[in-house]
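# What the coordinates show
For reference, the chains in residue letters:
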Amino acid sequence: MTQRTTMTNQELLAELQDLRRQVQELEKDMAVQAESEKTYRSAIENIPDIYYRTDAEGVIILASPSAADFFGFDCVDELIGRKVEDFYHSPEDRQAFLAKLAEKGVVRDEEVTLKLRDGSPVRVATTSTLQRDESGRVLGVEGVARDIRVREQAEDPGQGNKSLLELALDASGTGVWDWDLTDGGMSFCPRCSAMLGYAPDELNALGDAWDSLLHPDDFARVKALAGAHTGQGRPLEIEVRMRTKAGQWRWVLARGKAVAWEDGGEPQRMAGVLEDIHDKRVGRERMEARFEELQALGSLSTGVALSTSMDDVVNAVLDNVVEFLAPDLAVLFIGREESMELAGARTTLPTLDNDTFHQRKLGDCLCSMAAQSTSPMFSLNVRHDPRCEAGECKLSGISSVACLPMLSRGKVIGGLGLGSERERDFSAREPYLQSLAAVASTGVVNALLHQDALRHAKSLEAEVAARTEALTKFRNAVEHSSASIVITDPQGCIEYVNPYFTKLTGYTLDEALGQNPRILKSGDHDPAFYRDMWSTILAKETWRGEIRNRRKDGALYWEDATISPLVDPDGKITNFVAVKEDITARKEQEA
């Protein structure tokens, strides 16, 4: 029992999920239908020709505002509910037209005489389709009629007699097309022809060969998309390139939908509008390309800024340009006095290697010339460019080149060169290439500074090591000297004494530090003696003389002393150094 209840709940949940899915699909279909209806209504409201649809009895159930204007009514509502036969000038014409429509299912450009609201006759060319449901039952007729006088005015290059709607379509670069899916033929209005540089009837003369105007990359996409949309009855919207009469490719936006079907339900005819979007599309592509360039440059800048290795910088720059522009050759030189040395290269050409461009003297190729002139240089065909004297690029098959100087504070530090086997206008990407060269320059400068810093650091290390060694030797000499050595500050406070001082005086280093040499004073010399000593050394001169001092134990001894001041670069005395030799024995002999 429990198992059955569980299964029932699962089944109920599955049904609810399926119902929810169906509701979502229905909502999507309704949205598509609503958009389709909106597009359809918009086309009807703006079509310059007379559009109408009837039921199976010939009663008008839908019409365009242009139909009401044509027949002389104030609004479309005055047409709805009327029979089409009421607008035929001759009942016989109406019967003949219906017979032909019943036989063929579609009638194209059939000229008939209608009558306006005031009864006056007017000739029109009408294209009508018999509408049937899936079982083949007739639902009504859908048709478009054009005043022959309006056609003549549309083909007239003069603007004087054109309607406001036609002028608006001209201004917006929009034209109307009609595609017969049974024979492949397509007819274009004069605006479409003008859009592609053709005379009014030249496009229509192509017949089913109109698709030869499509760009090869767009052809299959158009066919597939058109088939899918017509089969599902959905509006078609696609951007494609079409060849102008001058042979150039121009971007257009095609919108349309199926408007007639075969008895079996297969789409028979599509109609829609063609809009010139070339400038908009090209502008958008340029913006997208610039955005991609900025992204690539931003990524490169971050990587280069964090790199201190020249190899890493060179590889990052070359990888970036190869990934983004895919040239057949990319080289980066670093400036060295009057020449540039190759720092790195990327090439798809088997005839080139790094040794080919190892060193360049400034001025013998476009890359070095660009560096010498500090200006970018481009060539579509370097083989015939007299500026390039070096033959490596020419012999390797390179056709087009771009050469960008790398500068730092106005000084050349290198160059970036690109090459292509086929003709390629690198100058079209000049802003990106100049920015790339600037980023590369920053990276190279950083790497060079890092190299200089390393060299300087090594030099300092060597200098410090040498000085340390010299100081060690000097200290060893002082420590083992047979002379008493005393170093004081400018005020005469002892900062250092060597071991011989301790041996001679009896005072240890710790006892002497911070003391004044007067602790050795014997009292045998008068004040004038010491004034002379101090005046000499304070005058930044060396004093020499014999002094009788007293040891720690009170014993007297004689010293031959030399006292010299130490002076810093600013001329300020920083220390006094006394070197004293024990001459007691000599003095006793002299006595």
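So, here's what we can say about the structure. Predicted model, so just to flag it, every value in this text is computed and none were measured. (Residues numbered from 1 in each chain as written. Predicted model: local features only at pLDDT ≥ 70, side-chain atom pairs only at ≥ 80, totals over all residues. Heavy atoms only, no water.)

## Details of the side chain of Asp178
Applicable threshold: Put simply, DSSP H or I for four residues or longer makes a helix, DSSP E for two residues or longer makes a strand, and each gets a number counted from the N terminus. Between buried and exposed lies partly exposed: a residue is buried under 20% and exposed over 50% of the maximum accessible area for its type, with that area taken using a 1.4 Å probe on protein chains only. Any pair of N or O atoms that falls within 3.5 Å is considered a polar contact. Within protein, one atom must be able to donate a hydrogen and the other to accept it, and sequence-neighbouring residues count only if both atoms are side-chain atoms.
Mapped onto the secondary structure, Asp178 falls in strand β6 (residues 174-180). Judged by relative accessible area, Asp178 falls into the buried class, the value being 17%. Within the local environment of Asp178, its side chain forms a polar contact with the side chain of Arg269, the two groups lying 2.9 Å apart.

## Comments concerning the sheet that holds strand β3 (residues 106-115)
Spelled out, the test is: Two strands are counted as paired when DSSP detects at least two bridges linking them. To get an axis, a line is fitted to the C-alpha atoms, and for a helix only the part in contact is used. The angle between two axes follows their N-to-C directions and goes from 0 to 180 degrees. Whether two residues are in contact is decided by their heavy atoms: any pair within 4.5 Å suffices.
Strand order across the open sheet formed by five strands is β2-β1-β5-β4-β3, with antiparallel pairing between neighbours. Edge strands, defined here as strands with exactly one partner in the open sheet, are β2 (60-63) and β3. Adjacent strand axes in the sheet meet at a mean angle of 30 degrees, parallel and antiparallel pairs treated alike. This element, helix α3 (residues 91-104), spans β3, β4 (121-132) and β5 (138-147) of the sheet and lies at about 170 degrees to β3.

## Some remarks on the layout of surface pockets
Using the following cut-off: Throughout, the protein atoms alone are placed on a 1 Å grid, and a set of points is a cavity if a 1.4 Å probe fits but cannot get out or a pocket if it is open with protein on both sides within 12 Å along at least five of seven lines; lining residues have an atom within 4 Å of a point. Grid points are joined across faces, edges and corners, and a volume is the space filled by probe spheres set on the points. Only Asp, Glu, Lys and Arg are considered charged, only Ala, Val, Leu, Ile, Met, Phe, Trp, Tyr, Cys and Pro nonpolar, and every remaining residue, Gly among them, polar.
If you add up the space inside the second largest pocket, you get close to 470 Å³. Lining the second largest pocket we find 20 residues, and of these Asn516, Pro517, Arg518, Met533 and Trp534 sit closest to its centre. Among the secondary structure elements, those contributing two or more residues to the lining of the second largest pocket are β17 (484-488), α15 (527-538), β19 (543-550), β20 (556-567) and β21 (573-582). Residue classes in the lining of the second largest pocket are distributed as 13 nonpolar, four polar and three charged.

## Overview of empty space enclosed by the protein
Following the criterion strictly, the structure yields three cavities of 30 Å³ or more and no others. Empty space within the largest cavity amounts to approximately 190 Å³. Counting residues per element, the ones that place at least two in the lining of the largest cavity are β1 (50-54), β2, α2 (65-71), β3 and β4. Across the lining of the largest cavity, the residue classes break down as 14 nonpolar, one polar and no charged.

Everything listed is a geometric property; what it means functionally is a separate question.
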